[in-house]
Amino acid sequence: MEPVIIVLIILVVLVFIALIKTIQVIPQASAAIVERFGRYTRTLNAGLNIVVPFIDTIRNRIDLREQVVPFPPQPVITQDNLVVNIDTVIYYQVTDARAATYEVASYIQAIEQLTVTTLRNIIGGMDLERTLTSREEINAALRGVLDEATGKWGIRVNRVELKAIEPPTSIQDSMEKQMRADRDKRAAILQAEGVRQSEILRAEGEKQSQILRAEGEAKAAALRAEGEAQAVRTVFEAIHAGDPDQKLLSYQYLQMLPKIAEGDANKLWIVPSEIGDALKGLSGAMGNFGGIGGGSGGNGGATGASVPAQERREKPHID
C-alpha cells in the first residue's frame, strides 16, 4: 500500500510541474522567446500563454519598454588634436524581440561600441570650440547613425544625449581666463558707458538749469522794468492830474537838497538851473525872502542869462 501512495505522490508532483511549465504568464510590455528542441518557434506576448511542457522552453524574456543606458566617458580627439572626454546617454527600445535575441549577441554592448566609434568620427571633424557649442548637431548625427545600424537588431534608438564634454585641464584654465577677461572687459565697457551717460545727463541738467535761470532773470528784469515804468507813469499822471504850481515845485526842490547832499563821499553836488526859478517862486510866496527877491529883481534878466544850463558848486565840507 505504501509504494502505491508514493507513486501517486510522484505523479501528482509531475502533473503540477507540467501544469506550471504549460501555463506561462507574460507581463505587460514584455515578450518571451520560445524554442522547441533548440529552434525558435514563436514569441510569447503579454498575457496567458500555453506551451508544451518539457518540449518548449523559454529562451529569453525581453523588456519592450524604453530603456536608458549611460555610457562611461570616452576619450575623443578633436580636429585640432585636443583630447576631450564625452559622456553619452542612449534612449532605446526593443521593437523586435526575435531580432534582438538572434541577430546580435549583446545589443547593449553593440550599441555602446557603435556609439564610441560614431562619436569619434563626428568629433574628429570638429574643433574644440565647435564641439562645445554644437551638442544638438552631434546628437542628431549620432542618433541617425545608431538608428540606422541598430534597425536590423530590432532596436530603435529614440534619443542620444551628450551628458558632459570635458576638455583637458590646461584648456579649461585657459578658457576660464579668457572668460574672466571677457567679463572684465564687458564690465569696464558698461562702467564707462554709465559714466559717460551720467556726464551727459549732468551736462544736460546744468544746461537746462542755466537756461531756466536765464529765462527767469530775463522775466524778472522785464517785470522789474515794467513795474518801474508803471510807477513812473503813475507818478507822472498823478503830478499832472494834481496840476502843481510853481510854489509847490519850489518847496519840493528845497526838500530834495538835503538828500542830494547826503553821504560823506559826496564832495560835489549839482544845482539845476531851475533852482533859481524855484527860489524866485518861493521868495514870492514867502515874505521872508523879500530882500533876496528885491536885490535880485533888478538884474533878474541878467541872472537868468548868466546862469549856465547846469551849475557846479562845491559842497561845504563839515569837519
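Small disclaimer: the values here were computed from a predicted structure and weren't measured.

Novice: Just to check I follow, could you spell out the environment of Tyr102 for this structure?
Specialist: Structurally, Tyr102 can be placed in helix α2 (residues 97-102). Using a relative accessible area of 33% as the deciding quantity, one classes Tyr102 as partly exposed. The spacing of Tyr102 and Gly154 is 52 residues in sequence and 9.8 Å in space, taken between C-alpha atoms. In this structure Tyr102 touches Ile33, Glu35, Tyr40 and Arg59, once residues within four positions along its chain are discounted. In this structure the side chain of Tyr102 is engaged in a polar contact, spanning 2.6 Å, whose partner is the side chain of Glu35.

Novice: Any chance you could explain the sheet that holds strand β7 (residues 83-94) here in plain terms?
Specialist: In a beta sheet, neighbouring strands are held together by backbone hydrogen bonds and run either parallel or antiparallel to one another. Spatially, three strands are ordered β6-β7-β8 in an open sheet, and the strand pairing comes out antiparallel. Both edges of this open sheet fall to β6 (67-77) and β8 (155-166), since each of them pairs with a single strand only. Strand after strand, the sheet turns through a mean of 25° between neighbouring axes, direction not considered. Where β6 and β7 come together, nine bridges link them in antiparallel fashion. Its bridge partner being in β7, Ile77 is matched across the sheet by Val83. Here helix α3 (residues 107-123) sits on the sheet in contact with β6, β7 and β8, set at roughly 40° to β6. Against the sheet, helix α5 (residues 135-150) makes contact with β7 and β8, and its axis sits at roughly 145° relative to β8, the strand it touches most.

What counts, and at which threshold
Residues numbered from 1 in each chain as written. Predicted model: local features only at pLDDT ≥ 70, side-chain atom pairs only at ≥ 80, totals over all residues. Heavy atoms only, no water. Helix = DSSP H or I, 4+ residues; strand = E, 2+ residues; numbered from the N terminus. Buried < 20%, exposed > 50% of the residue type's maximum accessible area, 1.4 Å probe, protein only. Contact = heavy atoms within 4.5 Å. Polar contact = N/O pair within 3.5 Å; in protein donor to acceptor, adjacent residues only side chain to side chain. Pairing = 2+ DSSP bridges. Axes fitted to C-alpha atoms, helices over the stretch in contact; angles between N-to-C directions.

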